[in-house]
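Read off the chains here:
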Amino acid sequence: PVTARRHVELITLTAQENLTESRRIIAALTPARLDDASLPQAIERIVDRFADETGTTATTTLDGRVRPATPATEVVALRIVQEALANVRRHARAAHVDVCIDFGDDGLRVSVRDDGIGFDAGSGSTGYGLVGMKARVAEVGGRLEIESRPGSGCAVRAVLPLGSTA
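Starting from 1, residues in each chain are numbered consecutively following that chain's sequence as written. Reporting of local features is limited, given that this is a predicted model, to residues whose pLDDT is at least 70; pairs of side-chain atoms are given and counted only at 80 or more, and all residues count toward the totals for whole chains, interfaces and linings. Only hydrogens and water are set aside; all other atoms, that is, all heavy atoms of the structure, feed into the side-chain values.

### A short note on the overall build of the protein
Part 1: We count a stretch as a helix when DSSP gives it H or I for four or more residues in a row; a strand needs E for two or more, and each element gets its number in order from the N terminus. Per the secondary structure count, the protein includes four helices and five strands.
Part 2: When the helices and strands of the protein are listed from N to C terminus, the series reads α-α-β-α-β-β-α-β-β.
Part 3: Burial classes follow relative accessibility: with a 1.4 Å probe on protein chains only, a residue under 20% of its type's maximum area counts as buried, one over 50% as exposed, and anything between as partly exposed. Looking at the protein as a whole, 36% of its 166 residues qualify as buried.
Part 4: For this analysis, residues touch if any pair of their heavy atoms sits within 4.5 Å. Contacts in the protein between residues at least 24 apart in sequence constitute 66% of all its contacts with a sequence separation of at least 6.
Part 5: Areas reported as accessible are Shrake-Rupley estimates using a 1.4 Å probe. Residue values count occlusion only from the protein chains shown. Here the protein has roughly 9,800 Å² of accessible surface; of this, 53% comes from carbon and sulfur atoms.

### Thoughts on the sheet that holds strand 4 (residues 143–148)
Part 1: Spatially, 1-2-3-5-4 is the arrangement adopted by the five strands of the open sheet, whose pairing is mixed. Unpaired on one side and paired on the other, strand 1 (57–63) and strand 4 mark the two borders of the sheet. The average undirected angle you get between the axes of adjacent strands in this sheet is 10 degrees.
Part 2: Sheet topology note: the strand 4/strand 5 (residues 154–160) ladder contains six bridges and is antiparallel. Among the inter-strand pairings, L144 is bridged to a residue of strand 5, identified as A158.
Part 3: Against the sheet, helix 4 (residues 128–139) engages strand 4 and strand 5, with an angle of about 150 degrees to strand 4. One bridge is not enough; two strands pair if DSSP finds at least two bridges between them. In this analysis, axes come from line fits to C-alpha atoms, helices being fitted only over the stretch in contact, and the angle between any two N-to-C directions falls in the range 0 to 180 degrees.

### Points about the nonpolar core
Part 1: Working definition of a nonpolar core: buried Ala, Val, Leu, Ile, Met, Phe, Trp, Tyr and Cys residues. They are joined through side-chain atoms within 4.5 Å. In this structure, V81, L85, V97 and L108 are the most contacted members of the largest nonpolar core, which totals 36 residues.
Part 2: When residues of this core are traced back to their parent elements, those giving at least two are helix 2 (39–54), helix 3 (71–92), strand 2 (96–104), strand 3 (107–114), helix 4 and strand 5.
Part 3: At nine residues, helix 3 tops the list of elements feeding residues into this core.
Part 4: Ignoring any residue separated from it by four or fewer positions in sequence, one finds V97 in contact with F50, T56, T57, A58, T59, L85, V88, V112, R113 and D114.

### Observations concerning helix 3
Part 1: Under the 1.5 Å per step criterion, the end-to-end length of helix 3 is 30 Å for 22 residues, consistent within 8% with the ideal 32 Å.
Part 2: Counted residue by residue, helix 3 has 16 buried out of 22 residues, so it is predominantly covered.
Part 3: Among the residues trailing helix 3, R93 stands out with phi positive, at a value near 55 degrees. Multiplying 1.5 Å by the residue count of a helix minus one yields the expected span of that helix.

### Section: the pattern of salt bridges
Part 1: Salt bridges, as used here, are contacts in which a Lys or Arg side-chain nitrogen is within 4 Å of a carboxyl oxygen on Asp or Glu. Inspection of every chain in the model, using the stated rule, returns nine salt bridges.
Part 2: The closest approach of N and O atoms between E145 and R157, which form a salt bridge, is 3.3 Å. Here the residue E145 occupies a position in strand 4, and R157 occupies one in strand 5, the gap between them amounting to twelve residues.
Part 3: Looking at R157, the relative accessible area reads 24%, which means it is partly exposed.

### What to know about the packing of helix 3 against helix 4
Part 1: Contact geometry of helix 3 with helix 4 gives a least axis separation of 10 Å together with a crossing angle of 165 degrees. As the angle between them shows, helix 3 and helix 4 are arranged roughly antiparallel. Every pair of crossing elements has a handedness; the one defined by helix 3 and helix 4 is left-handed. The segment helix 3 lies against helix 4, with V76, R79, I80, E83, A84 and N87 engaging G129, L130, M133, R136 and V137.
Part 2: The nonpolar class holds Ala, Val, Leu, Ile, Met, Phe, Trp, Tyr, Cys and Pro. Asp, Glu, Lys and Arg form the charged class, and all remaining residues, Gly among them, are polar. For the contact of helix 3 with helix 4, the class distribution of residues is six nonpolar, two polar and three charged. Oblique is the label for every angle not falling under 35 degrees (roughly parallel), over 145 degrees (roughly antiparallel), or within 65 to 115 degrees (roughly perpendicular). Crossing chirality is assigned from the near helix's rotation relative to the far helix, an anticlockwise turn below a right angle marking it left-handed and a clockwise turn marking it right-handed.

### Examining the environment of V88
Part 1: Residue placement: V88 occurs in helix 3.
Part 2: Assessed through its relative accessible area of 6%, V88 is described here as buried.
Part 3: Contacts of V88, omitting those with residues within four sequence positions, involve F50, R93, A94, V97 and D114.

And the structure:
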């Protein structure tokens, strides 16, 4: 009975920890609400929350005149920022992250650059996060560039079409 009780306590504790972690992951992957904010405001909230949670210095820069984008493009832009910041949190050991939102003539450009440990971007060994980002960007007709090498941080850049919002 004592051993069985200890096993049940461990199972319960493990289940509670897994539930907490699952909720944290789901919250991190859920796009910020755009109902009450523009895309740049939503991204800035994500970056500010990342800085508060990690202690990493993080800045958000907006270039160009803010223009409407399709809901699909906005969600992809949010997801790119979220996933890139999640990668910084998990892998980069960065002291500083810069997020730039640029409404240019060729569409919406979103970039996340860190000063972390970097990795060999040409090795072909990409994790699920990078593969997922590439797939999301491709779904809306955009392109994704990842620039990194060991010891030199990482830059993730997405160019997304604004598309027709009508």
